[in-house]
Amino acid sequence: MSVSHRFVCGFTRTLYSLSPFSSNTTHSSLFPLTMPRKQQGAAKTHLWVEKPKSDGPSTSTSASEGDFSNANAEAVTDRLRTLTVAESKESTAVEVGSAPVDKSTVLGSGTQTESTGKPTAALSKLFSGKLLESFTVDNSTCSLAQIRATFYPKFENEKSDHEVRAKMIELVSNGLATMEVSLKHSGSLFMYAGHEGGAYAKNSYGNIYTAVGVFVLGRMFREAWGSQANKKQADFNDFLERNRMCISMELVTAVLGDHGQRPCEDYVVVTAVTELGCGKPKFYSTPYIIAFCRKWRLPTNHVWLFSTRKSVTSFFAAYDALCEEGTATPVCKALDEVSDISVPGSKDHIRVQGEILEGLVARIVSRKSSEHMEQVLRDYPPPPVEGADLGPSLREICAAHRNDEKQQMKALLESIGTSFCPNYLDWFGFEAPDSHSRNADGSVLSKFLQARPADLSTAKLQEMVRLLKEKEKDVALKCYHNIHKTNSLSSDNFHFKMVIHVRSDKAFRRYQNEMRNNPGLWPLYRGFFVDLNLFKANKERVVKFSKEPDAGSGSNGDLTKDGLAVEDANLMIKLKFLTYKIRTFLIRNGLSVLFNKDEVAYKDYYLRQMKIWHTSAAKQRELSKMLDEWAVFIRRKHGHKQLSSATYLSEAEPFLERYAKRSPKNQALIGSAGSLVRAEDFMAIIKGGKDEEGDLEPEKDIAPSSPAMIVKEAVVKDQGLIVFFPGIPGCAKSALCKEILTAPGKLGDDRPINSLMGDLIKGKYWAKVAEERSKKPYSILLADKNAPNEEVWSRIEHMCRKSKAAAVPVVPDSEGTESNPFSLDALAVFIFRVLQRANHPGNLDKSSPNAGFVLLMFYNLYDGKNRKEFEAELIERFGSVVKMPLLESSRPPLPKTVRSTLEEGLNLYKLHSKRHGRAEPTKGTYAKEWVKWEKQLRDTFLANAEHLNSIQVPFEVAVEKVCEQVKAIAKGDYTAPSTEKRKLGTIVFAAVSLPVSEIIHLLDNLGEKDPRVEAFLKDKNLKGSLTKAHVTLAHKGSHGVTAVANYALYLHHNVPIDMCWLLFSDTLAALEAEPGIVDGEKLISKNEWPHVTLWTAEGVAPKEANKLPQLHAQGKATRVQIDPPITITGILNFF
């Protein structure tokens, strides 16, 4: 690290230590906001100070390069041309800084070496791997790793959504934090780090996604700066490069595939600004993102801040009222009304994207955010928009080159100009007939991990990569040649780009668990790109690197941020709208099911999704009707040729528009339809249907850590029951089934019981189960076969719907591990049982040479879910879970020899499956290792047989407990932990629920005093007909969402209600009510006449009770005073 670099990093770290912001979302040292008061109001130019240029190498320069002076492009070309592998004996290197544009030729086909116009022989050797192959790692080998582009780390809440919301309300109510909410625009992640730093999509670079992103970003500059655009583009790129910064954006276009609605315009919205020059990324807080964007006239998002209990509770109530039918206009209007601060985005969602709104993102931020936001808004008013001749649009360029992806990219990059894109190396490299792939040799990672880290940041990245490489199968680590650095290539100096591609959200959750065990780990970021430099250094430099501190590298070990526990500071929740999910998850993501299977499977799919979302029953009925019609329509039109998910809206939008026009109810269901933008004429060409954003997978539910309790309905006796086993061989399912069959009364049910043993069934087992269910629909069927995956669970769900049966999963009870629902103790018992049995029908017993391998294979089928997630998904699907006791709670720890043998086997299985998939162990590279391990397994378990027997719950106890639970389920007495069962989207009105018994008592007393009341009540039988009573405070339809949401402050509070008058007519009766004081404030009803409806004649709607005062004025109703008024206390709720 150069002296100037260390100084800048140290200066930055000092400013960060003085910052009032949490470390994960901090402001930049480039513009310290917390100036002394006497300085405030000084020239605003002091707020933005560029870090000075260093005469030495840039921060991206390798540690070995600082000793060399710049070489011109011609000298570099000559040097590369003559470079041979033999020269590795003597290190040769040049300055890494990019070759000046005037010394290389910028062509439509990309930057090429000036003298030859094609890659040199040295580069060919590099790309072929020969140069790297000769690069050996020794004591002088060093590595320098610097993050080049990244987005926020993905934090998965351990708590349920309900618990997260409650915690957010608590933190804001106690003045410890502010809640920030922003719009979720429907596009894809795009990151930009300057014309040399590069342009990146979520998991890739140098493709159509990044070409489109660069074009749209450059066009935003033209739109904002007009005639100054070229200069500002150059200044902006220089600013990012000097300060090693990256900006992240949501890229919203109509050319990269359909999301929820085709946008009216192509645009970007800045979502993060990050400093990367000093090790661990530093993310700007939202106020400073807005300041940054307004300085550069970049598009900003709409943001709301909630800093009081009233505003934050009102926000969640507003979302609950709108989540099933909300679109951009009513959502933004409601949030504007309930928030404490609203900062409109420079790109209005309604104008540029449309009414279909993907969702909102709510997160906890510093309690001082409101103050900082107010100061930024004062200091940085919205910038003017200059306007200019923008030239051809994105859609016009893509349409003109719609048959060739490469031509599309070239045309886009050429159009944006050299200030934003001086060369096309990332997209095309050195184009020539003999050019090679930019993919680097697979040995890069191993050499990077073996090399001595040049600084602490590199050491932390090595730690992360090593962990991911060893433990995480859902993360791909891909390395590419950094073509921008070819001018510094030597036999002892190599540059690469590493892409850390997280393929599953489960990987983030598992990594978070690792961070809890090792707080020093750096976070795993979304959109993660690293510059790697491998080089040789002399002894003095090696010693220097080992001693040199890394300012700003940061540690994740802090227990608090901004006075909050880390888990509270990272609280975030995504809130999506059903109108968006109808289009993306139910229609688009269901296309493969609909076309590859049939309408019945599609119905199973969309009902499953709605169940996960807890969609209200009314909406489920409406959606089922609409989606069934869609399925028939699209299958008739397209037959068996699947509709492309990239352009699905071409068919879906006109269908939805026609459907919406049939009735107001349909219109509310659809949200918004019509004005279709035709994308087929200008779609960008995306090879292989690639989905860069990764949102084409069905949305998954996340299990809560402290789930609520629900009661499963009793199994109807004229329906069937399927008992199945998500387990592992050796879990005693067959023995259990035999016990139940020999004593049918154990389940407390008189229905016939039959069992199907998987090992004795020829052909497809679950097809046989379905056949048996159709023959005996009212029976109890014991599915004696392991059911380890979601595909099987879905088939069982389908069988249940088709044959009107319930299903009960029986699972061995185990605490599990961080990534598997079964502990190593449980696995040990399963293996031990298998090795004890003989003459097994499925040939899985002590005579099986690969018994251990088979058990490990089953164990790994469950990998990726911890116990809570495993049980929660079963409960979500089937409403219950039966736990079969397995291990004694007071057991001693597993012997070390047993544990180490199992861990060796699991590691060996990972190696085997990575290379050979599910091939038998005898046919792979590790055949000898498997033979050795299987023998070791048997010897170890035999030696520890006493321990393995002693830790098991007696079988007869397990059978009794299982039967008790199944019996309880059949009767409806069973209570199970479940995912949050909050009914979203059903909020229509706010009201105070009143105890009916007290209402009846009041009326009885009033009847004794007044003959008119007694005569009226005589034949009304209110004791039988009045089952619920409430005072409506506000109705969504009559008073608006905000009026309803504002009562959230008093949700579940006791509210005194004064009953003042009784009014009744021939067809109506109601009590006039006056809400009292709650928490020192008078509760005001939005209803013109607050009342409790008591009775309506047949055919008369309850809402007609509102007319009783007018009927009394007209002499058509009787009004009886209650003197003194009677106070009845009720509870405020949403309905």
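My aim in this report is to walk through the structure given alongside it, one point at a time. All values reported here derive from a predicted model rather than from experimental measurement.

Conventions used here
- In this convention, every chain numbers its residues from 1, walking through the sequence in written order.
- Owing to the predicted nature of the model, reporting of local features is limited to residues with pLDDT of at least 70; listing and counting of side-chain atom pairs is limited to 80 or more, with chain, interface and lining totals taken over all residues.
- Excluding hydrogens and water, the side-chain figures rest on all heavy atoms present in the structure.
- Working definition: rings of Phe, Tyr and Trp (its six-membered ring) pair if their centres are within 6.5 Å, and the pair is stacked with planes under 30 degrees apart, edge-to-face with planes over 60 apart, and tilted otherwise.
- The helix count covers DSSP runs of H or I at least four residues long, the strand count covers runs of E at least two residues long, and both are numbered beginning at the N terminus.
- Working definition: with a 1.4 Å probe on protein chains only, accessible area under 20% of the residue-type maximum means buried, over 50% means exposed, and in between means partly exposed.
- Charge-over-ring placement is defined geometrically: NZ (Lys) or CZ (Arg) within 6 Å of the ring centre, and within 35 degrees of the ring normal.
- In this analysis, axes come from line fits to C-alpha atoms, helices being fitted only over the stretch in contact, and the angle between any two N-to-C directions falls in the range 0 to 180 degrees.
- In this scheme, roughly parallel covers angles under 35 degrees and roughly antiparallel covers those over 145, while 65 to 115 is roughly perpendicular and the rest are oblique.
- The sense of a crossing depends on the near helix, which, turned anticlockwise from the far helix by less than a right angle, makes the crossing left-handed and, turned clockwise, makes it right-handed.
- Any two residues whose heavy atoms approach within 4.5 Å at even a single point are treated as in contact.
- Under the convention adopted here, Pro, Cys and the residues Ala, Val, Leu, Ile, Met, Phe, Trp and Tyr are nonpolar, Asp, Glu, Lys and Arg are charged, and Gly plus all remaining residues are polar.
- Pairing between strands requires that DSSP locate at least two bridges from one strand to the other.

Side note on the packing of aromatic side chains
Item 1. The full count for this structure, using the stated rule, is 41 aromatic pairs.
Item 2. When the ring of Phe 151 is compared with that of Tyr 152, the centres are 5.0 Å apart and the planes differ by 55 degrees; the resulting orientation is tilted.
Item 3. Here Phe 1016 and Phe 1064 contribute two aromatic rings whose centre-to-centre distance is 4.4 Å and whose plane-to-plane angle is 25 degrees, an arrangement assigned as stacked. Taken together, the positions of Phe 1016 in helix H38 (residues 1011–1017) and Phe 1064 in strand S27 (residues 1054–1064) put the pair 48 residues apart, joining distant regions of the chain. Note on accessibility: Phe 1016 and Phe 1064 belong to one class, buried.
Item 4. What links up through ring pairs into an aromatic cluster is the set Tyr 192, Phe 221, Phe 236, Phe 239, Tyr 284, Phe 292, Trp 296 and Phe 420.
Item 5. The ring of Phe 428 carries the charged tip of Lys 410 above its face, separated from the ring centre by 5.3 Å.

Some details on the packing of helix H24 (residues 617–638) against helix H25 (residues 649–660)
Item 1. Running from N to C, H24 and H25 cross one another at 130 degrees; their axes reach a closest spacing of 11 Å. By the criterion of interaxial angle, the relationship of H24 to H25 is oblique. As H24 runs across H25, the sense of the crossing is right-handed. Across from Glu 622, Lys 625, Met 626, Glu 629, Trp 630, Phe 633, Ile 634, Lys 637 and His 638 in H24, the residues of H25 making contact are Glu 651, Ala 652, Phe 655, Leu 656, Arg 658 and Tyr 659.
Item 2. Of the residues that constitute the contact of H24 with H25, the class distribution is eight nonpolar, one polar and six charged.

Thoughts on the sheet that holds strand S1 (residues 141–150)
Backbone hydrogen bonds are what pair the strands of a sheet, in a parallel or an antiparallel way.
Item 1. If you trace the five strands from one edge of the open sheet to the other, you get S11-S1-S14-S13-S12, paired in mixed fashion. Here the strands that pair on one side only, and so sit at the sheet edges, are strand S11 (452–453) and strand S12 (475–481).
Item 2. Of the pairings in the sheet, the one linking S12 to strand S13 (residues 493–502) comprises seven bridges and is antiparallel in character. Directly across from Cys 479, in S13, lies its bridge partner Met 498.

Comments concerning unusual backbone geometry
Item 1. Residue Asp 1123 is joined to Pro 1124 through a cis peptide bond whose omega torsion reads 0 degrees.
Item 2. Residues other than glycine seldom take positive phi values, yet Asn 839 does so here, at roughly 55 degrees.
Item 3. With respect to the helices and strands, Asn 839 occurs in the loop between helix H30 (824–836) and helix H31 (851–861).
Item 4. A positive phi angle is found at Asn 1021, which is not glycine, with a value near 50 degrees.
Item 5. Relative to the assigned elements, Asn 1021 resides in the loop between H38 and helix H39 (1022–1025).

Function-wise, these values are silent; they only describe arrangement.
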